[in-house]
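Chain by chain, the residues run as shown.
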Amino acid sequence: TVVENAIDAGEFFGCSKYEDTSHLRRELGFTDRNKIVVSIGRLSKEKGQAVGLKAYAEAVKQVPEARLVFVGSGPDELKLQQLAEELDVRWGIRFVGHRKNVVDYVRLADIILLSSVPEGLPTVVLEAFACGKLVIATAVGGTPEIVREGETGVLVATGDERGLSRAIVRYLQDNEVRERLGANAREFVVTNYSFDGHARKMAYVCLAL
């Protein structure tokens, strides 16, 4: 029996499209019109944020109200800031560093972006799902086990900058589909990857033995 990752889904039950994130928007210099993509994780080569940043730089040409927030710190932070300057999109990107209130940034997001090169089974995806958020992720490691194309999220090949960009544009512009996939994701994670869900699975296994 495989015991997979799980989260305390109850911590995220307050997440919804009705959650008041105006204070955080103001803090970041965003308006109500802005569509927000959030990337959460250590800023390092294996997380592939450079590809995500390049994808955003293309996407913002079609969705000028789009903004990108990097939550986390790491050895590639300065390189990413320099890349944003080179691509002339620094104005649309915020680097907020390490944060304890990660759930606030999940609530703020319209899309959670995961552009990893290698990956296990990412907890940030489970947390985003619990908040009913659409995840666009690279199809690596254990990610495809939870991000199921067209059902619970969107998958793109590793390093596919254009694919990520197209997905960002499509789902920032299509509120209805984005929210539907987010709702599917929430139901999926509460059923399969919450502590309660795991407890039920383990009880079933023990009874079977």
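The text that follows walks through the structure, step by step, so that each part is easy to find. What you see is a predicted model, and the numbers here were worked out from it, not measured in a lab.

Definitions and cut-offs
- Every residue gets a number counted from 1 within its own chain, in the order that chain's sequence is written.
- Only residues with pLDDT of at least 70 get local features here, since the model is predicted, and only at 80 or more are side-chain atom pairs given and counted; chain-wide, interface and lining totals rely on the full set of residues.
- Hydrogens and waters are ignored; side-chain quantities use all the structure's heavy atoms.
- We count a stretch as a helix when DSSP gives it H or I for four or more residues in a row; a strand needs E for two or more, and each element gets its number in order from the N terminus.
- Exposure classes here rest on a 1.4 Å probe applied to the protein chains alone. A residue is buried below 20% of its type maximum, exposed above 50%, and partly exposed in between.
- Think of the arc as the fan of directions from the helix axis to the C-beta atoms.
- Two aromatic rings, drawn from Phe, Tyr or Trp (for Trp, its six-membered ring), form a pair once their centres lie within 6.5 Å of each other, and the interplanar angle then sorts them: stacked below 30 degrees, edge-to-face above 60, tilted otherwise.

### A word on the environment of Arg170
Looking at the secondary structure, you find Arg170 in helix 7 (residues 161-173). Residues Arg170 and Leu53, 117 residues apart in the sequence, show an inter-C-alpha distance of 17 Å.

### Some thoughts on helix 3 (residues 77-86)
Restricting attention to buried positions, one finds in helix 3 the residues Leu80, Leu83 and Ala84. For helix 3, the arc enclosing every buried residue in end-on projection is 100°, short of the 170-degree limit, so these residues lie on one face. The exposed residues of helix 3 that point more than 90 degrees off its buried face are Leu78, Lys79, Glu85 and Glu86.

### Focus: unusual backbone geometry
If you check the backbone angles, Asp88 has positive phi at about 60° while not being a glycine. Given a relative accessible area of 58%, Asp88 falls into the exposed group.

### Overview of the packing of aromatic side chains
For the structure shown, the criterion picks out three aromatic pairs. Between Phe129 and Phe188, the aromatic rings sit 6.4 Å apart at their centres with planes inclined by 75°, giving edge-to-face as the arrangement. Here the residue Phe129 occupies a position in helix 5 (residues 123-130), and Phe188 occupies one in helix 8 (residues 175-192), the gap between them amounting to 59 residues. The buried category is assigned to Phe188, whose relative accessible area is 11%. Ring geometry for Phe188 against Tyr193: centres 5.7 Å apart, planes inclined by 45°, an arrangement best described as tilted. With respect to burial, Phe188 and Tyr193 carry one shared label: buried. Cluster of aromatic residues (ring-pair linked, three or more members): Phe129, Phe188 and Tyr193.

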